[in-house]
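# Remarks on the overall topology
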Amino acid sequence: MADHENAGAPTAEPEPESTLEPDHILDESPEIVEIRFTVEPGCHDWRLDRYLQQKIRRLSRTKISQVIRETLTLNGALVTKAGAKVRRGDEVLIRRPLPAEPAVPKDVTVAAEGPGWLALCKPAGLPVHPTARYLHNTLTGVVRERFGPDSGLNMAHRLDRETSGLVLFGRGPEATRALKASFRLGEVKKRYLAIVVGDLTGPLEVSEPIGPALGSAIRIRMGARPDGQPAKTRFEPVARYGSHTLVSALPETGRQHQIRVHLECIGLRLLGDKLYGRPDEFFLTLVEEGLGPAMQAELGFPRHALHAAHLCFPRPDGSLVPEEADSPLPPDLQSFLDSLLPLGGAT
């Protein structure tokens, strides 16, 4: 799931942020955080600034240059030139003061559970994994606090920080591997609920391939392109409200930002989406200047209105018994719909 809406949620600041896997975080002291990357074979002979742009995509070029000058070592040595080359196996270490983390909602609930698995409902605003901005205030941190560090629970997929809804965990490494394989092989049936700006009058299927957006100045933006990865999403209207539609989105593949890209392909966008269905300038201004009153009014909602509502997947014990988990529309999205005048139910 997180593959569609990664980055698999929340306040009005830009998202998604780059994800730092737990083994990248070396020092979690109250004052200092150390982040390590080992240069992959595919990045051999890249410029250092290009490598960091790939690994921490939310950072601007100016910020990356500052990181290189002030907080980075390459194989234990200080580096000051952004154009320095990295080679396969090089150790890149960033050591910086730990900033105060933004507050996040932590009201995570158990949606369903069974042999080898647990489905949690994540609130919008809670990142799933540590990032450059969120280290402890994450879903993995909440799970560790609630279930203990030895619970054996491991996340099988991801959701974006602004996306609410179901996140599936395996109980132990074998179950987690099986669940991840089910996602990868397309054996997991997923349904999202989305409030979109515009009127969807009937079912539509979008099969546009997805890759990095052509001609965009935003590195994290994806788009439809002929040479992209195959992707397919079915959209069905659930309720129509004139200027908005509650839509059921059923992705058959798991590409980054898939639902949002495919909505853009049919002239629709998520309510509150800061990145898709708009010109690059909107997001770039948001990054540089923050979210002002005019932008808040234009967005119409403090986060993108996407909720992971249903999962159906094979039990991870090899028996292939189907399991299911459901999560109702959260209060913030339901309250918005309640404020609208419906034109009718499902079409």
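An account of the accompanying structure is given in this report.

Rules of the game
- Residues numbered from 1 in each chain as written.
- Predicted model: local features only at pLDDT ≥ 70, side-chain atom pairs only at ≥ 80, totals over all residues.
- Heavy atoms only, no water.
- Helix = DSSP H or I, 4+ residues; strand = E, 2+ residues; numbered from the N terminus.
- Buried < 20%, exposed > 50% of the residue type's maximum accessible area, 1.4 Å probe, protein only.
- Areas by Shrake-Rupley, 256 points an atom, 1.4 Å probe, with all protein chains shown as cover.
- Phe/Tyr/Trp six-rings, centres within 6.5 Å; stacked < 30°, edge-to-face > 60°.
- Lys NZ or Arg CZ within 6 Å of the ring centre and 35° of its normal.
- Axes fitted to C-alpha atoms, helices over the stretch in contact; angles between N-to-C directions.
- Parallel < 35°, antiparallel > 145°, perpendicular 65-115°, else oblique.
- Left-handed = near helix turned anticlockwise from the far one by under 90°.
- Contact = heavy atoms within 4.5 Å.
- Nonpolar A, V, L, I, M, F, W, Y, C, P; charged D, E, K, R; others polar.
- Core = buried A, V, L, I, M, F, W, Y, C linked by side-chain atoms within 4.5 Å.

When helices and strands are tallied, the protein chain shows 8 helices and 20 strands. Here the protein chain, with 347 residues, has 51% of them falling under the buried criterion. Here the protein chain displays about 15600 Å² of accessible surface, and carbon together with sulfur accounts for 52% of that area.

We now examine the packing of aromatic side chains. Under the definition given, this model contains 2 aromatic pairs. On the numbers, 4.9 Å between centres and 85° between planes, the contact of W117 with F313 is edge-to-face. Of this pair, W117 sits in strand β9 (residues 117-122) while F313 sits in strand β19 (residues 306-314); the two residues are 196 residues apart in sequence, bridging distant segments of the chain. Relative accessible area serves as the criterion here: at 1%, W117 is assigned to the buried category. Between F301 and F336 the ring centres are 5.6 Å apart and the planes differ by 75°, which places this aromatic pair in the edge-to-face class. Taken together, the residues F301 in the loop between α7 (293-299) and β19 and F336 in helix α8 (residues 331-338) connect sequence positions 35 residues apart. This pair shows no difference in class: F301 is buried, exactly as F336 is. The positively charged end of R50 is found above the aromatic ring belonging to W46, 3.6 Å away from the centroid. Cation over ring: R278 sits above F282, and NZ or CZ is 4.6 Å from the ring centre.

Each pair of packed helices can be described by the angle between their axes along with the distance between the axes. Put simply, helix α1 (residues 48-55) and helix α2 (residues 61-70) touch, their axes get as near as 10 Å, and they point 115° apart. One element, α1, and the other, α2, form an angle in the roughly perpendicular class. Considering how the two elements wind past one another, α1 and α2 form a crossing that is right-handed. Residue-level inspection shows L48, D49, L52 and Q53 of α1 in contact with α2, the latter providing R61, I64 and I68. Of the residues contributing to the contact of α1 with α2, the split by class is 4 nonpolar, 1 polar and 2 charged.

In this structure, L139, F169 and F235 are the most contacted members of the largest nonpolar core, which totals 29 residues. Of all the secondary structure elements, the ones that give two or more residues to this core are β9, α3 (139-147), β10 (153-155), β11 (164-171), β12 (189-197), β17 (244-251), α5 (258-265) and β19. Not counting chain neighbours up to four residues away, the residues in contact with L139 comprise V108, L120, K122, L126, P127, V128, M155, V167 and F169.

In this section: unusual backbone geometry. Positive phi, close to 75°, is recorded for D45, a residue that is not glycine. The residue D45 is located in the loop between β2 (32-38) and β3 (46-47) in this model. Of note in this structure, N75 is not a glycine but carries a positive phi near 55°. Of note, N75 is situated in the loop between β4 (72-74) and β5 (77-78). By relative accessible area, N75 is classed as partly exposed at 46%.

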